[in-house]
Amino acid sequence: MAIYPKLILDALNHVRYPGTGKDIVSSGMVQDDIRIDGKKVSFSIIFEKQNDPFVKSVIKAAESAIQTYVGNDVEIQGNITPVLKEVPKPKAKPILPDVKNIIAVFSGKGGVGKSTVSSNLAVALAQLGYKVGLLDADIHGPSIPKMFGVENAQPFVEEIDGRQLVVPIEKYGIKLLSIGFFVDPDNALVWRGAMASNALKQLITDANWGELDFFVMDLPPGTGDIHLTLVQTMGITGAVVVTTPQDVALADARKGVSMFTGEHVNVPVLGLIENMAWFTPAELPENKYYIFGKEGGKRLAQELNIPLLGQIPIVQSIREGGDAGKPIVVNQESITGNAFNNLAIKLIEEVDIRNKTLDPTKKVEIK
């Protein structure tokens, strides 16, 4: 008589699992790996526990059932393998479940005004009615507290759902956190990469950011440990590159874009901001002096096929506002205030396009 899988399953219908009293077939304990080679039959039985006390008795009962209902000449002894049931891993909860969009603002080199752009962009978004958080991720050179006039602020900790969470400082309608709030501003912060990365993770995961439409992160210049930590910690909606028109800044900006769009990171670049695009003296507001070169950022955006989000001029009031703790965009009627406002509107458009056309960015697993 030929042996086929249904004969085996019919026989196993007579085997009960002592823990439930149900047969092992309807209970899903017989794995779909029945192999028949002449008279030799082999398959696996699934058990939920590592040290199930009924393993031996169930296997013995299965051997007896097959020889009773299929044939006593069936070679089955020693051919039934117990296997542990695979338990699906629980889905990891998002790091910031109530944050809709995470925007990383980066630059290839220092001195291009990245923190000034991050600060004014965050305030501009808040002035447009959005809930905004701003993280100063430049661990070694935190400047956000100074730019918002909150250098002496001391964030406190509150308990939420059994967790001790830092409460961000609020200014101009946005929530702020920076390592600058927790260290001596007069002393250099000398940390190795792992220490800086862990500190940054804490600012993200151990803070009560609450519901946010935009979480803007002011990254340190260049490409390094901090950037990798961020993409491994959470899914970033998109990155924004800040550069000046001069060639040395453009070369570094190109490298930064390459890092984010590379196959191992794969974070969308929402666009490029050309800062210090021209100099306009206060007494001659119609004049433009291209002291760092003309439209280098615009050309780079075209070359890399990414949107040009805006061109921000140099005016004395930007520096004065940053030093005084009052971002220039607070005065929306100024030339630069209007430029940052338009920048925020353009970014919102690009984020909307990105969210409609691309899947949410996943945390990066770099081996």
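## Brief notes about the packing of helix H1 (residues 5–12) against helix H2 (residues 55–69)
Remark: H1 packs on H2, axes separated minimally by 8 Å, with the N-to-C direction vectors making an angle of 120 degrees. If you check the angle between H1 and H2, you find them oblique. Pair H1 / H2 crosses with right-handed handedness. Counted together, Ile-8, Ala-11 and Leu-12 of H1 and Ala-62, Ala-65, Ile-66 and Tyr-69 of H2 form the full contact between these two elements.

## What to know about the packing of aromatic side chains
Applying the stated criterion to the full structure yields seven aromatic pairs. Geometrically, the ring pair formed by Phe-148 and Tyr-172 is tilted, given 6.1 Å between the ring centres and 50 degrees between the ring planes. Of this pair, Phe-148 sits in the loop between helix H4 (144–147) and strand S6 (157–160) while Tyr-172 is found in the loop between strand S8 (169–171) and strand S9 (174–178), placing the two residues 24 residues apart along the sequence. Judged by its relative accessible area of 0%, Phe-148 falls in the buried class. Relative to Tyr-290, the ring of Trp-278 lies with its centre 6.2 Å away and its plane at 70 degrees, an arrangement referred to as edge-to-face. Residue Trp-278 is located in strand S12 (residues 269–279), and its partner Tyr-290 is located in the loop between S12 and helix H8 (296–304); the two are separated by 12 residues in the primary sequence. Here Trp-278 falls in the buried class, since its relative accessible area comes to 13%. Its guanidinium or amino end placed over the ring of Trp-278, Lys-288 lies 4.0 Å from that ring's centre, counting from NZ or CZ.

## Concerning unusual backbone geometry
With phi around 50 degrees, Asp-161 is a residue other than glycine that occupies positive phi space. Along the chain, the position of Asp-161 falls in the loop between S6 and strand S7 (163–166). Not every positive phi belongs to a glycine, and Glu-295 is a case in point at roughly 60 degrees. Note that Glu-295 resides in the loop between S12 and H8.

## Here's the deal with H8
Inspection of H8 places Gly-296, Gly-297, Leu-300 and Ala-301 among the buried residues, and these make up the whole buried set. Along H8, the residues classed as buried sweep out an arc of 135 degrees about the axis, all on the same side. Across from the buried face of H8, at angles greater than 90 degrees, the exposed residues are Gln-302 and Glu-303. Looking at the packing, one finds that the buried side of H8 touches strand S11 (238–243), helix H7 (247–261), S12 and strand S13 (308–314). Phi for Asn-305, located one or two positions after H8, is positive at around 60 degrees.

## Focus on the sheet that holds S13
With mixed pairing, eight strands are arranged side by side in an open sheet as S8-S9-S5-S10-S4-S11-S12-S13. Of all the strands in the sheet, just S8 and S13 have a single pairing partner and so form its edges. Averaged over all adjacent pairs, the angle separating strand axes in this sheet is 25 degrees, with direction ignored. In the sheet, strand S4 (residues 99–106) pairs with strand S10 (residues 212–218) via six bridges, with the strands oriented parallel. By the bridge assignment, Ile-102 is partnered in S10 with Phe-215. In this fold H7 packs onto S4, S11 and S12, with an angle of close to 170 degrees to the strand it touches most, S11.

Conventions adopted
Residue numbering note: each chain is counted from 1, following its sequence as written. Only residues with pLDDT of at least 70 get local features here, since the model is predicted, and only at 80 or more are side-chain atom pairs given and counted; chain-wide, interface and lining totals rely on the full set of residues. Each side-chain value is derived from all of the structure's non-hydrogen atoms; neither hydrogens nor water enter the calculation. Only C-alpha atoms enter the line fits that serve as axes; for helices the fit covers just the stretch in contact. Angles between N-to-C directions range over 0 to 180 degrees. Strands are runs of DSSP state E lasting at least 2 residues, helices are runs of H or I lasting at least 4, and numbering of each runs from the N terminus. Oblique is the label for every angle not falling under 35 degrees (roughly parallel), over 145 degrees (roughly antiparallel), or within 65 to 115 degrees (roughly perpendicular). By definition, any crossing whose near helix is turned counterclockwise from its far helix by less than a right angle is left-handed, and any crossing with a clockwise turn is right-handed. Should any heavy atoms of two residues lie within 4.5 Å, those residues are considered in contact. Only Phe, Tyr and Trp rings take part, Trp by its six-membered ring, and two of them pair if their centres are within 6.5 Å. Stacked means planes under 30 degrees apart, edge-to-face means over 60, and tilted covers everything else. Think of it in three bands: residues with accessible area under 20% of the maximum for their type are buried, residues over 50% are exposed, and the middle band is partly exposed, with areas taken using a 1.4 Å probe on protein chains only. Each ring is checked for a lysine NZ or an arginine CZ that lies within 6 Å of its centre and within 35 degrees of its normal; such an atom marks a charge sitting over the ring. The directions considered for the arc are those from the helix axis to the C-beta atoms. In this analysis, strands are considered paired if DSSP registers two or more bridges between them.

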